[in-house]
Amino acid sequence: MPPMQMLSAERAHVLGVKMAAWGLVPRKRFNDPPTLHTKVWNREFSNPIGLAAGFDKHAEAMDGMLRMGFGFVEVGSITPEPQDGNPKPRVFRLKEDKAIINRYGFNSEGHECAYQRLKQRADKLKSKEQEESSSNGIVGINLGKNKTSPDPVGDYVKGVHCLGCLGDYLVINVSSPNTPGLREMQGREQLAQLIDKVIEARDSLPCTPKPPLVVKIAPDLTEKDKEDIAAVVLRKQSSIDGLTISNTTVSRPDSLNSKHKSEIGGLSGQPLQQMSTETVRDMYRLTQGQLPIIGVGGVNSGQSAYDKIKAGASLVQLYTSLAYEGSPLVTRIKRELDEILRADGYKSVSEAVGADHRSDAS
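So, here is what we can say about the structure in this document. Here the structure is a predicted model, which means the values were calculated and not measured. (Residues numbered from 1 in each chain as written. Predicted model: local features only at pLDDT ≥ 70, side-chain atom pairs only at ≥ 80, totals over all residues. Heavy atoms only, no water.)

## Some thoughts on the sheet that holds strand β11 (residues 266-269)
In spatial order, the strands read β5-β6-β11; together these three strands make up an open sheet with antiparallel pairing. Every other strand in the sheet has two partners, leaving β5 (91-94) and β11 as the edge strands with one partner each. Adjacent strand axes in the sheet meet at a mean angle of 20° when their direction is disregarded. Across four bridges, strand β6 (residues 99-102) lies against β11 in antiparallel orientation. Paired with Ile100 across the two strands is Ser268, which belongs to β11. (Pairing = 2+ DSSP bridges. Helix = DSSP H or I, 4+ residues; strand = E, 2+ residues; numbered from the N terminus. Axes fitted to C-alpha atoms, helices over the stretch in contact; angles between N-to-C directions.)

Shown next as structure tokens:
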């Protein structure tokens, strides 16, 4: 958040999470209009603007961020065992480009720590002790694998078993560029095996309703990669419930100006905007609009959110732009999106999902 620009990127991140966990964040003063209300996976979202995974890695600040005005918050990625991630420094601001490069490497406090926090929150909401919390706020849980795990698929299955009943949806993150070998799990055979196992684990959970399963993919995919992923996720015998598009990119556009542009890691923010939107568009087409998509990458305005929605996203997420513009950004994006939707004649967000594809066909 802007005053924190004086701190290093990682210190600012850690402090931002702690402030949100302590409730030291501005509360929303903008009532979400009916235009922004939407229903996905039979869950009611007061607005489609969410906080992407990567900010609240350890499930500490969910309610603080929901109070800020987000329609949903995604925590993680959370690995089975605690791990430190990659050596510091590992986060770099590209101020001239409104971007960030990170190589955190799934730094995580582990399943058990996250379980305790998520369980405590769930218990408070059930007993209505936390009346000021956004009890209608949606919380997703993003699952990862340990860096040196001998059984990557088993790591995701453990995550489903441990945390599955505490989230409104689960994300299987196979697209971070900062964990060796992770993106290989997006391959057709590997992804099919992974999905089969996590669906089996999800279906065995003792809670009702079962949490929807979402797979998070990279923007750095060939057309063949995208076709393979679409074929796997649409299988009748074990189809998933949605896609998150996209993670950070390992590409470096020629337009980058920052001195940090050559740092190793995933690039997020403004330079990712068009690439991620095109990946949303491609996957919506390849899946025939059958799966809800969470669009993420370079969302920094009502228009950029709207572009992803028209390309096929039912929901959108942001993170990097929040680091640059702070909490007022959330309300601004919602106001702008509401105005754009009404100006284009839409009564709700859901009416605009995939609109570009309908205009292309006409």
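## Comments concerning the sheet that holds strand β10 (residues 242-245)
With respect to topology, eight strands assemble into a closed barrel ordered β3-β4-β7-β8-β9-β10-β12-β13, the strand pairing being parallel. Strand-to-strand, the axes of this sheet are offset by a mean angle of 25°, without reference to chain direction. For strand β3 (residues 49-51) and strand β13 (residues 315-318), the ladder comprises three bridges, and the chain directions are parallel. Following the sheet pairing, Ile49 is matched in β13 by Val316.

## Focus on the environment of Leu166
Summarising the element assignment, Leu166 is placed in the loop between α4 (152-163) and β8 (169-173). On the accessibility criterion, Leu166 (19% relative accessible area) is buried. Apart from residues lying up to four places away in sequence, Leu166 is in contact with Tyr115, Leu118, Lys119, Ala122 and Ile141. (Buried < 20%, exposed > 50% of the residue type's maximum accessible area, 1.4 Å probe, protein only. Contact = heavy atoms within 4.5 Å.)

## Here we look at unusual backbone geometry
Across the junction of Gly76 and Ser77, the peptide omega takes the value 10°, indicating a cis bond. Here Thr208 and Pro209 are connected by a cis peptide whose omega angle stands at 0°. Secondary-structure assignment places Pro209 in the loop between α5 (188-203) and β9 (213-217). For Trp41, which is not glycine, the phi torsion reads 55° and is therefore positive. With respect to the helices and strands, the residue Trp41 is situated in the loop between β1 (38-40) and β2 (43-45). Under the relative-accessibility criterion, Trp41 is labelled buried at 14%. Unlike most non-glycine residues, Lys98 shows phi in positive territory, near 55°. By secondary structure assignment, the location of Lys98 is in the loop between β5 and β6.

## Describing the packing of helix α7 (residues 273-286) against helix α8 (residues 302-311)
Following both chains from N to C, one finds α7 and α8 inclined at 20°, their axes separated by 8 Å at the closest point. On the basis of the axis angle, α7 is roughly parallel to α8. For α7 against α8, the interelement crossing comes out right-handed. Residue-level contacts link Gln273, Ser276, Thr277, Val280, Arg281 and Tyr284 of α7 to Ser304, Asp307, Lys308 and Ala311 of α8. Residues belonging to the contact of α7 with α8 are distributed by class as follows: three nonpolar, four polar and three charged. (Parallel < 35°, antiparallel > 145°, perpendicular 65-115°, else oblique. Left-handed = near helix turned anticlockwise from the far one by under 90°. Nonpolar A, V, L, I, M, F, W, Y, C, P; charged D, E, K, R; others polar.)

## Comments concerning the state of the cysteines
For the coordinates displayed, the defined rule picks out one disulfide. Cysteine Cys113 is unpaired, with the sulfur of Cys162 as its nearest cysteine sulfur at 11 Å. For Cys113, a relative accessible area of 24% translates into the label partly exposed. The closest cysteine sulfur to the non-disulfide-bonded Cys162 is located on Cys165, 10 Å from its own sulfur. Residue Cys162 is classed as partly exposed on the basis of its relative accessible area, which comes to 25%. (Disulfide = S-S within 2.5 Å.)

## Things to note about the side chain of His13
Along the polypeptide, His13 turns up in helix α1 (residues 9-21). Residue His13 is classed as buried on the basis of its relative accessible area of 11%. Side chain to side chain, His13 and Tyr319 meet in a polar contact 3.4 Å long. Dropping the residues within four chain positions of it, His13 is found in contact with Gly54, Phe55, Lys57, Tyr104 and Tyr319. (Polar contact = N/O pair within 3.5 Å; in protein donor to acceptor, adjacent residues only side chain to side chain.)

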